[in-house]
Amino acid sequence: MNALKGNILYVEPNGDLIIHPNSFLHYDENGILGIFDNALNCEEIEDWGNRLILPSFADMHLHAPQYTMLGMGLDLPLLDWLKTYTFPAEARFKDPEFARPIYRKLALELIGNGTTKISMFSSLHFESTLVLMEEMEKAGLVGFVGKVNMDRNGSEELHESTEESIENTKKWILSCDKFKHIKPILTPRFTPSCTDELMGWLGEVARQTKLPIQSHLSENEAEVQTVKNLHPDCSQYWQTYQKYGLWNERTLMAHCVQSSDDELLAIKKSGVTVVHCPSSNINLFSGFAQVRHMLDLGVKVVLGSDIAGGNHLCMFDNIASAIRVSKARTIIEGPKTQFLTTEEAFFLATGASSSFFGEELPFHQGAPLHAIVLDDALLPNTKELSLKERFQRAIYRRQKDAIMAVYGNNKRLK
């Protein structure tokens, strides 16, 4: 048994900030044993003094091959941005040797920013997707990586036939058994990218294997109209996933910026999880997702960086973006609309994803240890701050090299 000593803070699902000053977080190879005022019989105690010990982050929607194009082309709307920047960048990942050093660097940067859990899109390339999974697992991350399926509306350099998509996905799934902590997730890019035949096949795979699913839903108006044109039998976007068996409690849907109340109620009823990507939604001027309304309806919501539509890999920055977007909706809709609090937004990036991973909430007994140690001693103060004030400030401001240590799945990663 080991322990971390310091100021231990985490947020509960109701938005309450739980604070354990100068306490001991005990854990072993199986997970967290509890938080105590005194040290129990420990083999090793890491004493972090007055620093903050917080849950590490889960980034539930990001595109690994777009790591190379962070900050590029963000004056373009979504569909134009995909054709001009994204598809050419992703096409280069046909070469797994090109992919490996980039994915290794991505893994290290994720951990350096305190992210230890992921749900990630690869490219459509079978071999490079396995390389991505290898590098994420080697670095100590846990979560899901998906080979993208895309047999229409791509580009000359980024396209696969329906037959190629099916065969390469079969090979990829069979090759994933060697990974212990990075698991496969079915990944139709989005409805406009996949033919009916491919969507039907993916739905059958989902039914047979019970694999989770990730895709995009109702991100911007042009995309929604494209889906209506492709599927005139569906009155709403979500039905294009449901009719093929890709719509259930194992499904992650990114964005939902343009979702109607009917679509949100369908999301709630089926147990689908919305991945809110505030930085991306602003950068590509898709709109302001109505996250407060989603939560009030009982929809499950988590947070994603959505690089490279989003330009922040650091989840602290994405939490701050989520709060700003929520406040923007409040300004537009009037004071009766409540914005996300700092604590609520922090929970979206930490504990909200626990059920998708089949885990207890962060820092609860039985949960795996996923934690960061944050130093803020060099930041100027005019008074002695409370632990709550220090926590809230960390969302918006951190000193250089603030993250002193990162723990993932009961091991120290940094």
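Everything here concerns the structure above.
Since this is a predicted model, take the numbers as computed values, not measurements.

(A) Up close: the packing of aromatic side chains. Applying the stated criterion to the full structure yields ten aromatic pairs. Pairing Phe57 with Phe346 gives two aromatic rings, centres 5.9 Å apart and planes at 75 degrees, and the pair type is edge-to-face. Note that Phe57 is positioned in strand 5 (residues 57-63) and Phe346 in helix 12 (residues 342-348), a separation of 289 residues in sequence. Of the two residues examined, Phe57 and Phe346, each falls in the buried class. Ring centres of Tyr237 and Tyr241 lie 6.0 Å apart, and the angle between their planes is 15 degrees; on these two criteria the pair is classed as stacked. For the pair Tyr237 and Tyr241, a shared accessibility class is recorded, and that class is buried. Among the aromatic residues, those joined into a cluster by ring pairs are Phe57, Phe316, Phe346 and Phe391. Here the basic side chain of Lys117 rests over the ring of Phe357, its NZ or CZ set 4.9 Å away from the ring centre.

(B) The arrangement of the sheet that holds strand 16 (residues 403-408) in detail. Pairing in this open sheet of seven strands is mixed, and the strands run 3-2-1-4-15-16-17 from one edge to the other. Edge positions in the sheet fall to strand 3 (31-36) and strand 17 (411-412), since each has one partner strand and no second. Strand contacts of helix 13 (residues 387-396): strand 1 (2-11), strand 2 (17-28), strand 4 (44-55) and strand 15 (371-374), with the helix running at about 70 degrees to strand 4, the strand carrying the most contacts.

(C) Structural view of the sheet that holds strand 5. The sheet built from four strands is open, its strands ordered 5-6-7-9 with parallel pairing. Among the strands making up the open sheet, the edge pair consists of strand 5 and strand 9 (182-184). Taken pair by pair, the neighbouring strands of this sheet meet at an average axis angle of 25 degrees, ignoring direction. For strand 7 (residues 142-146) and strand 9, the ladder comprises three bridges, and the chain directions are parallel.

(D) Spotlight on the pattern of salt bridges. Under the counting rule described, the total for this entry stands at 21 salt bridges. Arg207 serves as the salt-bridge partner of Glu204, at 2.5 Å between the closest nitrogen and oxygen. Here Glu204 pairs with Arg207, and both are found in helix 5 (residues 196-209), just three residues apart, close to one helical turn. The salt bridge partner of Glu389 is Lys383, with a shortest N-O separation of 2.9 Å. With relative accessibility at 46%, the residue Lys383 sits in the partly exposed group.

(E) Geometry of helix 5. Between its first and last C-alpha atoms helix 5 spans 20 Å; for 14 residues at 1.5 Å apiece the expected length is 20 Å, and the two agree. The set of residues buried in helix 5 consists of Leu198, Met199, Trp201, Leu202, Gly203, Val205 and Ala206. Residues of helix 5 that are buried make contact with strand 8 (148-149), helix 4 (162-174), strand 10 (187-188), strand 11 (213-217) and helix 7 (239-242). Lys210 sits one or two residues past helix 5 and shows a positive phi near 60 degrees.

(F) Seen up close, unusual backbone geometry. Along the chain, Ile307 connects to Ala308 via a cis peptide bond; the corresponding omega equals 10 degrees. Summarising the element assignment, Ala308 is placed in the loop between strand 14 (300-303) and helix 11 (315-333). A positive phi angle, close to 45 degrees, is found at Asn22, a residue other than glycine. Checked against the element boundaries, Asn22 lands in strand 2. In this model, His255 sits at a positive phi of 90 degrees, which is unusual for a non-glycine residue.

(G) Structural detail: the pairing of strand 11. Within strand 11, five of the five residues are buried, leaving the element largely enclosed by the surrounding structure. Burial along strand 11 is two-sided: the face carrying Ile213, Ser215 and Leu217 and the face carrying Gln214 and His216 are both buried. Where strand 11 lies against strand 12 (residues 251-255), five bridges are found, and the strand directions are parallel. For His216, the partnering residue across the bridge sits in strand 12 and is Ala254.

(H) Expanded view of empty space enclosed by the protein. Under the definition given, this model contains three cavities of 30 Å³ or more. Of the voids in this model, the largest cavity is the one considered here, and its volume is about 110 Å³. Forming the walls of the largest cavity are His63, Gln66, Leu78, Trp81, Leu82, Arg189, Phe190, His216, Glu219, His255, Leu284 and Asp306. When residues of the lining of the largest cavity are assigned to their parent elements, the largest contribution, three residues, is made by helix 1 (residues 78-91). When its volume is computed, the second largest cavity comes out at roughly 70 Å³. Per-class residue counts for the lining of the second largest cavity are five nonpolar, four polar and three charged.

(I) Structural detail: the environment of Lys414. Structurally, Lys414 can be placed in the segment after strand 17. Overall, the relative accessible area of 37% leaves Lys414 in the partly exposed class. Beyond its immediate stretch of four places on either side in the chain, Lys414 contacts Ile111, Gly112, Ile403, Met404, Ala405 and Val406.

(J) Highlighting the packing of helix 3 (residues 126-139) against helix 4. Viewed as axis vectors pointing N to C, helix 3 and helix 4 meet at an angle of 25 degrees, and their least axial separation amounts to 9 Å. Taken together, the axis directions place helix 3 and helix 4 in an arrangement best described as roughly parallel. Judged by the sense of rotation from one axis to the other, the crossing of helix 3 with helix 4 is right-handed. Between helix 3 and helix 4, the residues in contact are Phe126, Thr129, Leu130 and Met133 and Asn168, Lys171 and Trp172, respectively. Residue composition of the contact of helix 3 with helix 4, by class: four nonpolar, two polar and one charged.

Analysis parameters
Residues numbered from 1 in each chain as written. Predicted model: local features only at pLDDT ≥ 70, side-chain atom pairs only at ≥ 80, totals over all residues. Heavy atoms only, no water. Phe/Tyr/Trp six-rings, centres within 6.5 Å; stacked < 30°, edge-to-face > 60°. Helix = DSSP H or I, 4+ residues; strand = E, 2+ residues; numbered from the N terminus. Buried < 20%, exposed > 50% of the residue type's maximum accessible area, 1.4 Å probe, protein only. Lys NZ or Arg CZ within 6 Å of the ring centre and 35° of its normal. Pairing = 2+ DSSP bridges. Contact = heavy atoms within 4.5 Å. Axes fitted to C-alpha atoms, helices over the stretch in contact; angles between N-to-C directions. Salt bridge = Lys/Arg side-chain N within 4 Å of Asp/Glu carboxyl O. Expected span 1.5 Å × (residues − 1). 1 Å grid on protein atoms, 1.4 Å probe; cavity = no way out; pocket = protein on both sides within 12 Å on 5 of 7 lines; lining within 4 Å. Points joined across faces, edges and corners; volume = space filled by probe spheres on them. Nonpolar A, V, L, I, M, F, W, Y, C, P; charged D, E, K, R; others polar. Parallel < 35°, antiparallel > 145°, perpendicular 65-115°, else oblique. Left-handed = near helix turned anticlockwise from the far one by under 90°.

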